[in-house]
Amino acid sequence: MIAITRLILRQMRIKGDRMNVSIIVNDEKAISTQLMNTLRKAASACIDMDVEISLSFVSLEEIHRMNREYRGVDRPTDVLSFPMFDSTEEMEEMQRLTGGDVPLGDVVICMDKIREQAEEFGHSEERETVYLFTHSVLHLLGYDHEEDEDRRKMRAREEEIMESLGISRQEQE
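Residues numbered from 1 in each chain as written. Predicted model: local features only at pLDDT ≥ 70, side-chain atom pairs only at ≥ 80, totals over all residues. Heavy atoms only, no water.

## Some points on the packing of aromatic side chains
(1) Moving on: This model, assessed by the stated rule, comprises one aromatic pair.
(2) Moving on: Ring geometry for Tyr-70 and Phe-82: centres 5.1 Å apart, planes at 75°, overall edge-to-face. Of this pair, Tyr-70 sits in helix H2 (residues 60–71) while Phe-82 sits in strand E4 (residues 79–83), placing them 12 residues apart in sequence.
(3) Moving on: Taking relative accessible area as the criterion, Phe-82 reaches 14% and is therefore assigned buried. (Phe/Tyr/Trp six-rings, centres within 6.5 Å; stacked < 30°, edge-to-face > 60°. Helix = DSSP H or I, 4+ residues; strand = E, 2+ residues; numbered from the N terminus. Buried < 20%, exposed > 50% of the residue type's maximum accessible area, 1.4 Å probe, protein only.)

Structure, rendered in structure tokens:
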């Protein structure tokens, strides 16, 4: 887990046929109930397991500091992922042993980048938030985009999840 001080202001769960998803958010004003429901559905589409995900919204300065400190990259980024496990096998073993929610990891999203990228790509801030969250959850699950083949697999999975939520690249607001 990342060493970030956070107040747990709201915890929401989705209960469905497949799984429970808990998302712990550091700023309840940063996200509407409707958007939270969409994020839970996105996480549920990513993994068939009971999980807990920590979600923090931070400033440009904070994500720049974290990117430099944790990745050695001295520039701001849109999202950072801090997985708790090195493999899906470890996650499955944790769930088998505990029978409860598996702490998947931390997602840190930059609010300034959401606004900037939504404007740049011509879609809503909500769509950008869902995309970045989905992208980050896939990183928590071990997806990567360093190599071309891995990038294609990850992008295809992102598109599949976004389309399952009724959110396509062509959606304009």
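## A short note on the packing of helix H1 (residues 33–46) against helix H6 (residues 148–164)
Any two packed helices are characterised by how steeply their axes cross, that is the angle between the axes, and by the distance between the axes.
(1) Moving on: Running from amino to carboxyl end, H1 crosses H6 at an angle of 135°, the nearest separation of the two axes being 10 Å. Accordingly, the angle class assigned to the pair H1 and H6 is oblique. Between H1 and H6 lies a crossing whose hand is right-handed. Residues Ala-42, Ala-45 and Cys-46 of H1 form the contact with H6, whose participating residues are Arg-157, Ile-161 and Ser-164.
(2) Moving on: Split into classes, the residues belonging to the contact of H1 with H6 amount to four nonpolar, one polar and one charged. (Axes fitted to C-alpha atoms, helices over the stretch in contact; angles between N-to-C directions. Parallel < 35°, antiparallel > 145°, perpendicular 65-115°, else oblique. Left-handed = near helix turned anticlockwise from the far one by under 90°. Contact = heavy atoms within 4.5 Å. Nonpolar A, V, L, I, M, F, W, Y, C, P; charged D, E, K, R; others polar.)

## Concerning the environment of Asp-86
(1) Moving on: As for its placement among the helices and strands, Asp-86 is situated in the loop between E4 and helix H3 (88–98).
(2) Moving on: C-alpha separation for the pair Asp-86 and Leu-140, spaced 54 residues apart in sequence, amounts to 8.8 Å.

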